[in-house]
Amino acid sequence: MKLLVIVDMVNGFAKEGVLADPKINEVTPNIIKLVKDANSKNIPIVAFKDAHSMDDEEFQYYPPHCLDGTQESELVDELKVYEDSFYVIKKDTTDGFITRKFTGIAKRIEFDEVEVCGCLTEVCVKNFVMSYIKFNKLNNRKTKIKVVADACATFDSPNHNAKEVHNQALKELQAYGVIVTTTEKELSNGASL
């Protein structure tokens, strides 16, 4: 069984707010292609939504963002239309794997393959994937983990070159056995869009 995981494609990173970079939303069309493909094949989809309380410990390191119940913590409109087909998990951590809901899923179901997309490549995507790798090792699981490079993104700023940081994170994940792929490669496996 395969699983598609969408990490934090919320307004607070892609459209509005202190941590938003509209360039992140440029990967949304590729994510939509992956969603349509998954839906056509009855592949389950988990979508993480960053959603914090005002007193969240994370705000010691990052400015307040994606407050639960605000527009920032909602999926971008382009993905929101597919939300009924997602198993949505709110998270207040940079690692969605450790949420009780996702850990429960991983313990119950041994997926053959997990395909990951979303943002931020070097933070929430990477942390999720690294935790899944550790989980596989500790539980003698053989789940193949793929990161879809052109369906992942990070922010650009004067001290944070998005392209360089994105590529470095992917290179680090490959060193741990993660398959870095593209939307085109994933859809060429008999997808009908």
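Data block above holds the structure.
Residues numbered from 1 in each chain as written. Predicted model: local features only at pLDDT ≥ 70, side-chain atom pairs only at ≥ 80, totals over all residues. Heavy atoms only, no water.

Some words on the nonpolar core
Here is step 1 of the chain: Counting 57 residues, the largest nonpolar core has Val-5, Ile-6, Phe-102, Val-116, Phe-128 and Tyr-132 as the members making the most contacts within it.
Here is step 2 of the chain: Here this core gets nine residues from one element, more than from any other, and that element is helix 5 (residues 121-138).
Here is step 3 of the chain: In this structure Tyr-132 touches Phe-97, Phe-102, Ala-106, Phe-111, Val-114, Thr-143 and Ile-145, once residues within four positions along its chain are discounted. (Core = buried A, V, L, I, M, F, W, Y, C linked by side-chain atoms within 4.5 Å. Buried < 20%, exposed > 50% of the residue type's maximum accessible area, 1.4 Å probe, protein only. Helix = DSSP H or I, 4+ residues; strand = E, 2+ residues; numbered from the N terminus. Contact = heavy atoms within 4.5 Å.)

Details of the environment of Thr-181
Here is step 1 of the chain: Tracing the backbone through its elements, the reader meets Thr-181 in strand 6 (residues 179-181).
Here is step 2 of the chain: For Thr-181 and Ala-153, which are 28 residues apart along the polypeptide, the C-alpha to C-alpha distance reads 14 Å.
Here is step 3 of the chain: A distance of 2.9 Å separates polar atoms of two side chains, one belonging to Thr-181 and the other to Glu-186. (Polar contact = N/O pair within 3.5 Å; in protein donor to acceptor, adjacent residues only side chain to side chain.)

Quick look at the packing of aromatic side chains
Here is step 1 of the chain: In the structure shown here, the tally under the stated rule is 10 aromatic pairs.
Here is step 2 of the chain: Seen from their ring centres, Phe-102 and Phe-128 are 5.1 Å apart, and the 70° between their planes marks the pair as edge-to-face. Here Phe-102 is found in helix 4 (residues 100-108), whereas its partner Phe-128 is found in helix 5, with 26 residues between them in sequence.
Here is step 3 of the chain: We classify Phe-128 as buried; its relative accessible area is 1%. (Phe/Tyr/Trp six-rings, centres within 6.5 Å; stacked < 30°, edge-to-face > 60°.)

What about the layout of surface pockets?
Leftover empty space is mapped by rolling, across the atoms, a probe with the size of a water molecule.
Here is step 1 of the chain: Its volume calculated, the largest pocket comes out at about 260 Å³.
Here is step 2 of the chain: Taken together, 20 residues make up the lining of the largest pocket; nearest its centre are Phe-13, Leu-19, Tyr-62, Leu-120 and Phe-155.
Here is step 3 of the chain: A breakdown of the residues in the lining of the largest pocket according to their chemical character gives 10 nonpolar, four polar and six charged.
Here is step 4 of the chain: By volume, the second largest pocket amounts to about 160 Å³.
Here is step 5 of the chain: Considering the residues around the second largest pocket, the lining is formed by Lys-23, Ile-24, Glu-26, Cys-152, Ala-153, Thr-154, Asp-156, Ala-162, Lys-163 and His-166.
Here is step 6 of the chain: For the lining of the second largest pocket, the secondary structure elements donating two or more residues are strand 5 (144-153) and helix 6 (162-175).
Here is step 7 of the chain: Considering each element in turn, the lining of the second largest pocket owes the most residues, three residues, to helix 6.
Here is step 8 of the chain: Partitioned by chemical class, the residues of the lining of the second largest pocket number four nonpolar, two polar and four charged. (1 Å grid on protein atoms, 1.4 Å probe; cavity = no way out; pocket = protein on both sides within 12 Å on 5 of 7 lines; lining within 4 Å. Points joined across faces, edges and corners; volume = space filled by probe spheres on them. Nonpolar A, V, L, I, M, F, W, Y, C, P; charged D, E, K, R; others polar.)

Description of unusual backbone geometry
Glycine aside, a negative phi is what most residues show, and trans is what most peptide bonds show.
Here is step 1 of the chain: Here the bond from Cys-119 into Leu-120 is cis, since omega is -15°, no more than 30 degrees from zero.
Here is step 2 of the chain: You can see Leu-120 is positioned in the loop between strand 4 (113-119) and helix 5.

Focus on the sheet that holds strand 5
Here is step 1 of the chain: Reading across the sheet, the six strands line up as 3-2-1-4-5-6 and stay open at both edges, with parallel pairing between neighbours. The outermost strands of the open sheet, each flanked by one partner alone, are strand 3 (87-91) and strand 6. On average, adjacent strands in this sheet sit at an angle of 25° to one another, irrespective of strand direction.
Here is step 2 of the chain: Sheet analysis places strand 4 next to strand 5, joined by six bridges and oriented parallel. Bridge pairing in strand 5 places Glu-115 opposite Lys-146.
Here is step 3 of the chain: Contacts from helix 4 reach strand 1 (2-7), strand 2 (45-50) and strand 3 within the one sheet, and its direction differs from that of strand 3 by about 135°. (Pairing = 2+ DSSP bridges. Axes fitted to C-alpha atoms, helices over the stretch in contact; angles between N-to-C directions.)

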